[in-house]
Amino acid sequence: SAVISQKPSRDICQRGTSLTIQCQVDSQVTMMFWYRQQPGQSLTLIATANQGSEATYESGFVIDKFPISRPNLTFSTLTVSNMSPEDSSIYLCSVGGGPLGNTIYFGEGSWLTVV
Amino acid sequence: KQEVTQIPAALSVPEGENLVLNCSFTDSAIYNLQWFRQDPGKGLTSLLLIQSSQREQTSGRLNASLDKSSGRSTLYIAASQPGDSATYLCAVSGIQGAQKLVFGQGTRLTINP
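Everything numeric here is computed off the predicted structure, so don't read it as measured data.

Let's shift gears to the overall build of chain B. On a plain count of helices and strands, chain B comes out with zero helices and 11 strands. Mapped in sequence order, the helices and strands of chain B form the string β-β-β-β-β-β-β-β-β-β-β. The C-alpha radius of gyration computed for chain B amounts to 13 Å, which stays within 12% of the reference 13 Å derived for 113 residues, consistent with globular compactness. Taken along its principal axes, the extent of the C-alpha atoms in chain B is 45 × 30 × 20 Å. Considering chain B as a whole, with its 113 residues, one finds that 43% of them fall into the buried category. Once local pairs closer than 6 in sequence are excluded, the contacts in chain B between residues at least 24 apart make up 54%. Of the roughly 5,400 Å² that chain B leaves accessible, carbon and sulfur atoms contribute 47%. Each charge sign in chain B was given a centre, from 9 positive and 8 negative side chains, and these centres are 7 Å apart.

Now the structure itself:
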């Protein structure tokens, strides 16, 4: 299994501001992903974080709104830019590959409320 | 586009019962299927992973089956306990882009003492 640390765990943000979420994993994984879970909804993939290159975004998500970095195999950040109340969600980091094989593991999530 | 459906959306049973949660997916060309558990205010805990070539996986009181041709999976929970109360999520990954997951809406399970 994997130990995944996400920071912050919770935050209340002002409309129009940006917040960066960090994800740290305890092993050198091949894959890192960012998901969003809106209130009462299931999870939707935002993007795949690629080490040393630009992230790969899913339909409906763009780099200007959700810039992602992945400087090495154990760390990634997701920024939620110019936030609006519609961005109030849980943002989850997930990892897989490498020593973890095909199983995907998730962090505890970052609960953002935009006011 | 892959779509995943979980039935029922919510389930409440007395402690000790055996129960089955259902998951269906529209595109049978999957790489694997994973069942997760999500407790309120928490992230996801991986329960079972079934590769596309497998029919079932077991872990303790949990057994997950996969019928890829019909696009169905079931999660069987034996001798349910109040601690099993949580939302159970089914997710599939496609052959292209393996490990990118498409999730169902989940089944909210309540086990009554």
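Read on, since the account is not over.
This part covers the interface of chain B and chain A. Counting residues at the interface gives 20 residues for chain B, matched by 23 residues for chain A. Summing both partners gives a buried area of about 1,700 Å² for chain B against chain A, and 49% of it is carried by carbon and sulfur. The largest per-residue losses of area from chain B upon contact with chain A belong to L44, Q99 and K100 of chain B, which jointly make up 35% of the total buried on that side. Inspection of the region where chain B meets chain A yields one salt bridge. Residue E58 of chain A is joined to K100 of chain B by a salt bridge in which the shortest nitrogen-to-oxygen separation is 2.9 Å. Take the side of chain B that touches chain A: its biggest share by element is five residues, from strand 4 (residues 30–38) of chain B. Residue composition of the side of chain B that touches chain A, grouped by class: eight nonpolar, 10 polar and two charged.

Bringing the sheet that holds strand 1 (residues 4–7) of chain B into the picture now. All names here are of chain B. Read from one edge of the open sheet, five strands run 1-3-8-7-6, paired in antiparallel fashion. At either end of the open sheet lies a strand with only one pairing partner, and these are strand 1 and strand 6 (56–59). Taken pair by pair, the neighbouring strands of this sheet meet at an average axis angle of 15°, ignoring direction.

Let's shift gears to the environment of L43 of chain A. Counting through the fold element by element, L43 of chain A comes out in strand 5 (residues 43–49). Assessed through its relative accessible area of 6%, L43 of chain A is described here as buried. Between the alpha carbons of L43 of chain A and E86 of chain A there is a distance of 15 Å; along the sequence they are 43 residues apart. Ignoring any residue separated from it by four or fewer positions in sequence, one finds L43 of chain A in contact with Y35, R36, Q37, L92 and F106 of chain A together with L44, L89 and F103 of chain B.

What follows deals with the state of the cysteines. All names here are of chain A. Applying the stated criterion across every chain yields a total of two disulfides over all chains. With its sulfur 1.9 Å from that of its partner, C23 forms a disulfide with C93. Looking down the S-S bond of the C23 and C93 bridge, the torsion is -65°, so its handedness is left-handed. Separated by 70 residues along the polypeptide, C23 in strand 3 (residues 19–25) and C93 in strand 9 (residues 89–96) bring together distant segments of the chain. Summarising the burial analysis for this pair, C23 and C93 share the class buried.

Residues and elements named next belong to chain A. Strands sit in the order 1-3-8-7 across an open sheet of four strands; the sheet is antiparallel. With one partner strand each, in any of the chains shown, strand 1 (4–7) and strand 7 (68–72) form the two edges of the open sheet. On average, each strand axis in the sheet is tilted by 15° relative to the strand beside it, whichever way the strands run. Where strand 1 meets strand 3, four bridges bridge the pair, whose relative direction is antiparallel. Across the sheet, K7 pairs through a bridge with Q22, a residue of strand 3.

Reading the values: the criteria
Residues numbered from 1 in each chain as written. Chains lettered and ligands numbered in written order. Predicted model: local features only at pLDDT ≥ 70, side-chain atom pairs only at ≥ 80, totals over all residues. Heavy atoms only, no water. Helix = DSSP H or I, 4+ residues; strand = E, 2+ residues; numbered from the N terminus. Rg over C-alpha atoms; globule rule 2.2 N^0.38 Å. Buried < 20%, exposed > 50% of the residue type's maximum accessible area, 1.4 Å probe, protein only. Contact = heavy atoms within 4.5 Å. Areas by Shrake-Rupley, 256 points an atom, 1.4 Å probe, with all protein chains shown as cover. Lys, Arg positive; Asp, Glu negative; His and termini not counted. Charge placed at Lys NZ, Arg CZ, Asp CG, Glu CD. Buried area = accessible area lost by both parts, 1.4 Å probe. Salt bridge = Lys/Arg side-chain N within 4 Å of Asp/Glu carboxyl O. Nonpolar A, V, L, I, M, F, W, Y, C, P; charged D, E, K, R; others polar. Pairing = 2+ DSSP bridges. Axes fitted to C-alpha atoms, helices over the stretch in contact; angles between N-to-C directions. Disulfide = S-S within 2.5 Å.

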